[in-house]
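One-letter residues, chain by chain:
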Amino acid sequence: MNRTFWAGFGVAVVVILLPVLVLIDARSSSERKASAVSAALPAKIDPGPPPPETVSLPPLDQGETPLPPSPPPPSPERGSSGKSVPKELADPVIAFSPARIREGVDREVRRREREMIRKKRHSGIRTVVYDPNHVYTLRTAVSHVTLIDFPEEAKEVYLGDSKLFMAEVFGRRVKIKPITWDHETTTNMIVYTLHRQFAFRLRVVPEGEEDDLLTFYLPQSDTVVNLNPLRKKMEADLAVREKVDLRKKAIETLREAGAQIPVGVSQEKGGVGATFLGFSSLGGVSYALFEITNATGRPAVLEDVRLRSFRTSLFWEGRRDYLDGQDYSQSFQIAVAPHGKERILLPADPPPLVSSRDGYLAEVRVDAQEGGRRVFRLEKMGEKK
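Note that the coordinates shown come from a computational prediction; the quantities given were computed from them, not determined experimentally.

1. With respect to the layout of surface pockets
And then number 1: The volume enclosed by the largest pocket comes to roughly 350 Å³.
And then number 2: Those elements giving two or more residues to the lining of the largest pocket turn out to be strand 10 (261-269), strand 11 (272-282) and strand 17 (373-381).
And then number 3: By residue class, the composition of the lining of the largest pocket is 10 nonpolar, five polar and four charged.

Structure, rendered in structure tokens:
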């Protein structure tokens, strides 16, 4: 009985399941074949608009010429996706033409110029001169601090809405920070310093457009005056020129006035003479004063002047021991007109003559042109005590 039951049950299962398995295998085979065929074939081509309907025309007479058939309307360009493409992009000659390339380059240049102008126009650091009748706009941004430097210590700060902005005072500096994200937010602020008041209008702006530092200067402060470096340089140059001119006038006056400490030693050769007048001082600088006279009818030229200090020997008559560091000389090219005279100053500061053994020796060289070069030796000894 059991064998018969199980044998009948197995036959029933086979009879029922076998058609189902055959049907499933047939459907999967057909789907695989369809996908392979679609991959092998090219993309489907749009057939375009349907051809016009055929219209029967009456037969032509023997003398008439048949009209040529009208060409089909051009089909729009289509891309690989089947969508229509604009003509200027589909045609490479138009898409890459020099005119279109120049147009694109010009657009990019204009865009960059606008960006650079926008960046230059905004500066986070500003310097202004205080005006009591002006309300200053202060741009702030969230997560950024804005500092205000005043010319004097800030005493009181008043905010229109302290829930939107935070203000702190540090001597002459005030720190401002917004605590709202709303870019439409605005309020006012009044700051009192020791002698003045400052009015502000506070705004919240996007990040990158805020003020970082705002510095105030007073109209009469030295800093505002010094903002013009050219003016300062001109004033300095004028002061230097005036000082030089004054010194030149003082030197000229000193040369013409005569010696403050006279020496009065002179020598004359062939109508040309040299005189050691003495010493004068100006502004802590000592000068030896000499005078050259020309009594001839020919011009003369003063070339060199040398002044030395010496001490004579106690045992050898006429022997001179020249003092170290007491040698002053200078070259000149000063023309002395016929029947004229000229004075010169030689920077020199020798020690005074304290005894009869001390002396000065001046050597003056003059070119008398046709009269030849002449050397004058002017010697001055101290007085006996």
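This is not the end of the story, as more comes after the structure.
2. Overview of the environment of Ala-167
And then number 1: Tracing the chain through its elements places Ala-167 in strand 5 (residues 165-170).
And then number 2: Between the C-alpha atoms of Ala-167 and Leu-147, which are 20 residues apart in sequence, the distance is 9.8 Å.
And then number 3: Excluding residues within four positions of it along the chain, Ala-167 makes contact with Val-157, Leu-159, Lys-175 and Ile-176.

3. Topic: the pairing of strand 12 (residues 285-294)
And then number 1: Counting buried positions over the 10 residues of strand 12 gives eight, a clear majority of the element.
And then number 2: Two strands pair when backbone bridges link them, and strand 11 and strand 12 are joined in this way by 10 bridges, in the antiparallel orientation. Residue pairing for strand 12: Ser-281 is matched across the bridge by Ser-286.
And then number 3: Once strand 11 ends, the chain turns through two residues before running back antiparallel as strand 12, passing Gly-283 with a positive phi of about 60°.
And then number 4: Across eight bridges, strand 12 lies against strand 15 (residues 340-347) in antiparallel orientation. When the sheet's bridge partners are listed, Ala-288 is paired in strand 15 with Leu-346.

4. A closer look at the sheet that holds strand 8 (residues 197-204)
And then number 1: Taking strand neighbours across the sheet as the criterion, the four strands line up as 2-8-7-4 in an open arrangement whose pairing is mixed. At either margin of the open sheet sits one strand with a lone partner, and together these are strand 2 (135-140) and strand 4 (154-159). With direction set aside, neighbouring strand axes in the sheet form an average angle of 25°.
And then number 2: With seven bridges connecting them, strand 7 (residues 186-193) and strand 8 associate as antiparallel partners. Residue Ile-190 lies in a different strand from strand 8, and its bridge partner there is Ala-199.

So, how was this worked out
- Residues numbered from 1 in each chain as written.
- Predicted model: local features only at pLDDT ≥ 70, side-chain atom pairs only at ≥ 80, totals over all residues.
- Heavy atoms only, no water.
- 1 Å grid on protein atoms, 1.4 Å probe; cavity = no way out; pocket = protein on both sides within 12 Å on 5 of 7 lines; lining within 4 Å.
- Points joined across faces, edges and corners; volume = space filled by probe spheres on them.
- Helix = DSSP H or I, 4+ residues; strand = E, 2+ residues; numbered from the N terminus.
- Nonpolar A, V, L, I, M, F, W, Y, C, P; charged D, E, K, R; others polar.
- Contact = heavy atoms within 4.5 Å.
- Buried < 20%, exposed > 50% of the residue type's maximum accessible area, 1.4 Å probe, protein only.
- Pairing = 2+ DSSP bridges.
- Axes fitted to C-alpha atoms, helices over the stretch in contact; angles between N-to-C directions.

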